[in-house]
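# A look at the structure
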2 protein chains.
Amino acid sequence: MPRPSAPILSRELICRTALGMLDRTGRFTVPELAQRLGVSVSSLYHHVSGRAAIVEGIRGLMAAPFAEIPADAPWEAAVVLWARSYRDAFAAHPAAIPALVAQTISDPATLEQYDRIAGLLRGAGFSPNSVVLSITMLDNLCLGAALDVGAPSVIWEDTGRGDSPLRQVLAQASLPDGPDGRSGQAFELELSYIVSGMADLLARDRLAGSWTADGWFPS
Amino acid sequence: MPRPSAPILSRELICRTALGMLDRTGRFTVPELAQRLGVSVSSLYHHVSGRAAIVEGIRGLMAAPFAEIPADAPWEAAVVLWARSYRDAFAAHPAAIPALVAQTISDPATLEQYDRIAGLLRGAGFSPNSVVLSITMLDNLCLGAALDVGAPSVIWEDTGRGDSPLRQVLAQASLPDGPDGRSGQAFELELSYIVSGMADLLARDRLAGSWTADGWFPS
DNA sequence: ACCTGAACACCGTTCAAGT
DNA sequence: ACCTGAACACCGTTCAAGT
């Protein structure tokens, strides 16, 4: 087949198809991707620099439906919205997570989300240190929860027999599996704890700020 | 070379060598591993069922130095010890994390650690649901923190120029990189928040328990 | 500019063969 | 039982060649 009148491929189509393969089969390889697109392997390299770039494109697709945060939202609500978006994005494509996690972020849309939350917290009065620590904590939470949804440990599979402590606890607990059960409830709980902790950080920052900057806070 | 008088290889040696390669070069492949051991590739398969088994062996090696938890330790101290052990184990071999995370746990030593914390919390009075939620939260924290140590996002690299909110915050913050800086401090902070939250869960469990079981709690 | 076929240097796994 | 060499079915990437 010679060159078609209109291009068949595009970066977007390639990444979207790869994500679809991940969703359906849990993996994607370059040859299989080419086959699925009805195209030769080497064609892909005219639109995408390699496998890593495809994965990064997938990250971009997944970051797209990130929630808009109202400019006048209180920081607590914004943080909750941000974290849920982050986590939902992963939960929607659990099979993609291992690929994403194995690779450092370079997708601009994803990086922008971090900028948004950073600016937001700074505006709310958090000190630079507190912003960095808060984002790290939220990142830990979302990434951990994403991995939990994407590849729940055998730990949580109730297939195993035996009467180890963990098995007994699982048998007695009434938490269904999946995003709405154990994983989701733990996420919401942990998120609320972090937000509470952040409120403490903020209170401390305000105290220190007014004290060192203006000196009106009597020693 | 014919069969040597004493076996050259062992599961342990293979896994230990593979872990060493990960630590040094950030990756290991079966051919390179064989070469490093001065052995042919197919020899490995007499001691290990495949690459996945080697990775699982590595998980076992990393779980080995888990801290002993004194039987009479209060649950708060036990949880903190457990989480730090978990996280330190990963932090000691950051390059191994992506390989471990891509694969479901089957290593018995690792599974045992989950049993220990489950039994411990149950003994402290946590309800089954609270145990499951607590372990999930701690797991999220440790895994997220491990990934953070193992493959810190470009987000935290101060190489980038420009004046995005995140860059500004990083420039103004005074948190060095690495386990003792940003990552470690956020871990400790988040851990303390989770422990506080767990105390709430426990208090609620005790209330509900005494109420439903004995009925002495007046409505 | 866009797609192709062929080649390259890998990878993990298997298996009959040796002692 | 333990190690070997050769083969297998893959993988991601490159590149000269076509239009």
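Residues numbered from 1 in each chain as written. Chains lettered and ligands numbered in written order. Predicted model: local features only at pLDDT ≥ 70, side-chain atom pairs only at ≥ 80, totals over all residues. Heavy atoms only, no water.

### Points about the interface of chain B and chain A
Each side of the interface is counted separately: chain B has 49 residues, and chain A has 50 residues. When the two sides are added together, the surface that chain B and chain A hide from each other amounts to roughly 4,500 Å², 73% of it contributed by carbon and sulfur. Across the contact surface, chain B and chain A share zero salt bridges. There are 16 residue pairs in polar contact (both at pLDDT 80 or more) connecting chain B and chain A. Breaking the side of chain B that touches chain A down by element, the ones donating at least two residues are helix H7 (108-124), helix H8 (128-150), helix H9 (165-172) and helix H10 (182-214) of chain B. Take the side of chain B that touches chain A: its biggest share by element is 16 residues, from H8(B). (Contact = heavy atoms within 4.5 Å. Buried area = accessible area lost by both parts, 1.4 Å probe. Salt bridge = Lys/Arg side-chain N within 4 Å of Asp/Glu carboxyl O. Polar contact = N/O pair within 3.5 Å; in protein donor to acceptor, adjacent residues only side chain to side chain. Helix = DSSP H or I, 4+ residues; strand = E, 2+ residues; numbered from the N terminus.)

### As for the state of the cysteines
Within the structure shown, the criterion is met by zero disulfides over all chains. We note that B:Cys142 lacks a disulfide partner, and the nearest cysteine sulfur, in A:Cys142, lies 16 Å from it. Residue classification places B:Cys142 among the buried residues on the basis of a relative accessible area of 0%. (Disulfide = S-S within 2.5 Å. Buried < 20%, exposed > 50% of the residue type's maximum accessible area, 1.4 Å probe, protein only.)

### Some thoughts on the pattern of salt bridges
Should their charged atoms come close, side chains of opposite charge can pair. All names here are of chain B. With the rule as written, the count across this model stands at twelve salt bridges over all chains. The salt bridge partner of Arg27 is Glu32, with a shortest N-O separation of 3.1 Å. By relative accessible area, which is 46% here, Arg27 ends up partly exposed. Under the relative-accessibility criterion, Glu32 is labelled partly exposed at 31%.

### Observations regarding the protein's contact with DNA strand C
Surrounding DNA strand C, one finds 22 residues, the nearest of these being A:Ser42, A:Ser43, A:His46, A:His47 and B:Pro31. Among atoms of DNA strand C positioned within 4 Å of the protein, sugar and phosphate together represent 58%. A distance of 3.3 Å separates a phosphate oxygen of DNA strand C from a polar atom in the backbone of A:Leu9. A:His47 places a side-chain nitrogen or oxygen 2.6 Å from a phosphate oxygen of DNA strand C. Elements with a minimum of two residues in the surface near DNA strand C: helix H3 (41-44) of chain A together with helix H2 (30-36) and helix H3 (41-44) of chain B. If one sorts the elements of the surface near DNA strand C by residue count, H2(B) sits on top with three residues. Considering only residue class, the surface near DNA strand C consists of ten nonpolar, eight polar and four charged. (Near = heavy atom within 4 Å. Nonpolar A, V, L, I, M, F, W, Y, C, P; charged D, E, K, R; others polar.)

### So, the environment of A:Phe90
Residues and elements named next belong to chain A. Looking at the element boundaries, Phe90 is found in helix H5 (residues 75-91). Along the primary structure Phe90 and Ala145 are separated by 55 residues, whereas in three dimensions their C-alpha atoms are 8.9 Å apart. Residues in contact with Phe90, not counting those within four places in the same chain, are Met62, Ile97, Leu100, Leu143 and Ala146.

### Concerning the packing of helix H5 (residues 75-91) of chain B against H8(B)
Residue and element names in this part refer to chain B. The contact between H5 and H8 brings their axes to 9 Å, and the two run at 30 degrees. One finds that H5 runs roughly parallel with respect to H8. Pair H5 / H8 crosses with right-handed handedness. Only Leu138, Asp139, Cys142, Leu143, Ala145, Ala146 and Val149 of H8 make contact with H5, whose side of the interface consists of Val79, Trp82, Ala83, Tyr86, Arg87, Phe90 and Ala91. Class assignment of the residues belonging to the contact of H5 with H8 gives a composition of twelve nonpolar, no polar and two charged. (Axes fitted to C-alpha atoms, helices over the stretch in contact; angles between N-to-C directions. Parallel < 35°, antiparallel > 145°, perpendicular 65-115°, else oblique. Left-handed = near helix turned anticlockwise from the far one by under 90°.)

### Points about the side chain of A:Ser85
Residues and elements named next belong to chain A. In this structure, Ser85 sits in helix H5. The buried category is assigned to Ser85, whose relative accessible area is 11%. When neighbours within four sequence positions are excluded, Ser85 is seen to be in contact with Phe66 and Ala67.

### What to know about the domain arrangement of chain A
The parts lose accessible area when they come together, and the size of an interface is often stated as this lost area. All names here are of chain A. As assigned here, chain A comprises domain 1 (11-48) and domain 2 (65-214). Averaged C-alpha coordinates put domain 1 and domain 2 at centres separated by 31 Å. Taken together, the contact between domain 1 and domain 2 spans four residues of the former and four residues of the latter. With both sides pooled, the region where domain 1 packs onto domain 2 buries about 350 Å², and carbon together with sulfur makes up 67% of that total. (Domains from an automatic or database assignment.)

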